[in-house]
Amino acid sequence: MFSRRHGRQIADRIRAGGTSINAFVAHATIPTLPLGGVGGSGFGRVHGPDGLREFTYAKATTEQRFPSPLALTTFKRSATVDAVVDTLVSVLHGRIQ
């Protein structure tokens with residue numbers, strides 16, 4: 001058995017996905033703690049948010065809900081539309097000098 005301080009010092013130096021101090025694989029019994037290998041070891045993560053991410057992938061979906069009052073995403077834009085957009089961007093995001 002290690003003292004809590006000595007055990008923590010040793011655990012902090014070990015490059016691993018999970019360590020337990022004075023308890024055999026205690027970290028594996030806590031479902032919210034991520035568990036898995038580091039570097040070339042292990043097969044990924046289980047438990048916790050990191051484990052759930054192992055079974056997911058990022059996906060974005062958009063849907064146009066109403067027509068744009070200005071044709072912004074076309075090469076057929078007029079000089080007037082460009083001037084309106086320039087003014088709007090300056091007003092909304094420009095710096096007052």
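Rules used throughout
- Residues numbered from 1 in each chain as written.
- Predicted model: local features only at pLDDT ≥ 70, side-chain atom pairs only at ≥ 80, totals over all residues.
- Heavy atoms only, no water.
- Helix = DSSP H or I, 4+ residues; strand = E, 2+ residues; numbered from the N terminus.
- Buried < 20%, exposed > 50% of the residue type's maximum accessible area, 1.4 Å probe, protein only.
- Contact = heavy atoms within 4.5 Å.
- Salt bridge = Lys/Arg side-chain N within 4 Å of Asp/Glu carboxyl O.
- Polar contact = N/O pair within 3.5 Å; in protein donor to acceptor, adjacent residues only side chain to side chain.
- Patch = residues over 30% accessible without salt bridge, like charges linked within 9 Å, V, L, I, M, F, W, Y side chains within 5 Å.
- Areas by Shrake-Rupley, 256 points an atom, 1.4 Å probe, with all protein chains shown as cover.

A separate point is the overall build of the protein. When helices and strands are counted, the protein shows three helices and two strands. Ordered by position from the N terminus, the helices and strands of the protein form the series α-β-β-α-α. Scored against the burial criterion, the 97 residues of the protein give a buried share of 7%. Considering only residue pairs separated by 6 or more positions, the protein has 4% of its internal contacts joining residues 24 or more positions apart.

One pass over the structure, following the stated rule, counts two salt bridges. With its nearest N and O atoms 3.3 Å apart, the salt bridge here joins D12 to R8. You can see D12 and its partner R8 sitting in helix α1 (residues 4-13), four residues apart, about one turn around the helix. D12 sits in the exposed class, given a relative accessible area of 54%.

What follows deals with unusual backbone geometry. Notably, N22 is not glycine yet its phi reads approximately 60°, a positive angle. Note that N22 resides in the loop between α1 and β1 (35-36).

A few words now on the environment of T87. Mapped onto the secondary structure, T87 falls in helix α3 (residues 79-93). The class of T87 is partly exposed, set by a relative accessible area of 47%. At a separation of 2.9 Å, a polar atom in the side chain of T87 contacts the main-chain carbonyl oxygen of A83.

A grouping of V84, L88, V91 and L92 is seen on the molecular surface, where their side chains present a nonpolar patch of about 390 Å² in accessible area. Following the sequence through the fold, V91 ends up in helix α3.

What follows is about the environment of D82. Take D82: it is sitting in helix α3. Taking the relative accessible area as the measure of exposure, D82 reaches 35% and is therefore partly exposed. Separated by eleven residues in sequence, D82 and A71 have C-alpha atoms that sit 9.5 Å apart. Reaching out from D82, the side chain makes a polar contact with the side chain of R77 at a distance of 2.7 Å.

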